[in-house]
Amino acid sequence: MTVNLPQLRAFLAVVDAGGFSAAAAELGMSQSAVSHAVASLERELAAPLLVRATPARTTALGERVLPHARLALSAARSVEQIAADATETMSGTVRLAATPTVCQGTGARTSRGSRCGSSRVTAPKSRAGWRTARPMPPS
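Residues numbered from 1 in each chain as written. Predicted model: local features only at pLDDT ≥ 70, side-chain atom pairs only at ≥ 80, totals over all residues. Heavy atoms only, no water.

## Some thoughts on the pattern of salt bridges
For the structure shown, the criterion picks out two salt bridges. For the salt bridge of arginine 70 with aspartate 16, the shortest nitrogen-to-oxygen distance reads 2.6 Å. Remark: aspartate 16 occurs in helix 1 (residues 5-17) and arginine 70 occurs in helix 4 (residues 60-86); sequence separation between them is 54 residues. Given a relative accessible area of 52%, aspartate 16 falls into the exposed group. We note a salt bridge from glutamate 42 to arginine 52, for which the minimum N-O separation is 2.8 Å. With a gap of 10 residues between them, glutamate 42 in helix 3 (residues 31-45) and arginine 52 in the loop between strand 1 (50-51) and strand 2 (57-58) connect regions that are remote in the sequence. Taking the relative accessible area as the measure of exposure, glutamate 42 reaches 10% and is therefore buried. By relative accessible area, which is 43% here, arginine 52 ends up partly exposed. (Salt bridge = Lys/Arg side-chain N within 4 Å of Asp/Glu carboxyl O. Helix = DSSP H or I, 4+ residues; strand = E, 2+ residues; numbered from the N terminus. Buried < 20%, exposed > 50% of the residue type's maximum accessible area, 1.4 Å probe, protein only.)

Written as C-alpha cells, this is what we have:
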C-alpha cells in the first residue's frame, strides 16, 4: 500500500472546501486531477473515503482517516521547515494579486476565474532575514 502526500492533500482539500471543484480552485489544480488523486487514495485503502454529494462528506472510514491525514501533512511541513532551517533557506508560497490587465498574455487566470499567480519558492536567508529582492531583467 502506497499513500502519498498529494493524495492526502487532495482528500483534505475536498473535505475542507466541501467539494471537488472548490478544492481544485484552492489547490490550483484541475477538478479532474483532484478527483483522480482522491480516487487513487481510495483504491490504495480499498474503500471510499468520501460520499460524492453536494457538499461532499466523509464516510465512516474517511472520518477515521481525516485526523491522521492532517497530522501527516503537518509533519511533512515540519520536516520541510527543519530542512530549511538547517540549510538556511526559507520556502513558502508567494501569492500575488494583480489587475486583469497585468495577467493578460501570461496564461494566468484573473481574480474572477481564480488566482493570477501563485508559486512555491525557496530563497537563501541572510543573517538579517530575507535578502533584498532584485528586480528581474526584462525578457
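## So, the nonpolar core
With 20 residues, the main nonpolar core has Phe11, Leu12, Val14, Phe20, Val34, Val38 and Leu50 as its most contacted residues. Among the secondary structure elements, those contributing two or more residues to this core are helix 1, helix 2 (20-27), helix 3 and helix 4. When residues of this core are assigned to their parent elements, the largest contribution, six residues, is made by helix 1. Non-local contacts of phenylalanine 20, meaning those with residues more than four positions away in its chain, are made with Val14, Gln31, Val34, Ser35, Val38, Leu50 and Arg52. (Core = buried A, V, L, I, M, F, W, Y, C linked by side-chain atoms within 4.5 Å. Contact = heavy atoms within 4.5 Å.)

## A short note on the packing of helix 1 against helix 2
At a closest axis distance of 8 Å, the pairing of helix 1 and helix 2 adopts a crossing angle of 120°. Taken as axis vectors, helix 1 and helix 2 run oblique relative to one another. Note on packing geometry: the crossing formed by helix 1 with helix 2 is right-handed. Each of Arg9, Ala10, Ala13, Val14 and Ala17 in helix 1 lies in contact with helix 2, whose residues at this interface are Phe20, Ala22, Ala23 and Leu27. Grouping the amino acids of the contact of helix 1 with helix 2 by side-chain chemistry returns eight nonpolar, no polar and one charged. (Axes fitted to C-alpha atoms, helices over the stretch in contact; angles between N-to-C directions. Parallel < 35°, antiparallel > 145°, perpendicular 65-115°, else oblique. Left-handed = near helix turned anticlockwise from the far one by under 90°. Nonpolar A, V, L, I, M, F, W, Y, C, P; charged D, E, K, R; others polar.)

## Notes on the packing of helix 2 against helix 3
Contact geometry of helix 2 with helix 3 gives a least axis separation of 8 Å together with a crossing angle of 105°. Taken together, the axis directions place helix 2 and helix 3 in an arrangement best described as roughly perpendicular. Contact residues: Phe20, Ser21, Ala23, Ala24 and Leu27 in helix 2; Gln31, Val34, Ser35 and Val38 in helix 3.

## Notes on unusual backbone geometry
Geometrically, the link from threonine 54 to proline 55 is a cis peptide bond, its omega value of -5° lying close to zero. Summarising the element assignment, proline 55 is placed in the loop between strand 1 and strand 2. The phi angle at alanine 46 is positive, at roughly 60°, despite the residue not being glycine. One can find alanine 46 in the loop between helix 3 and strand 1.

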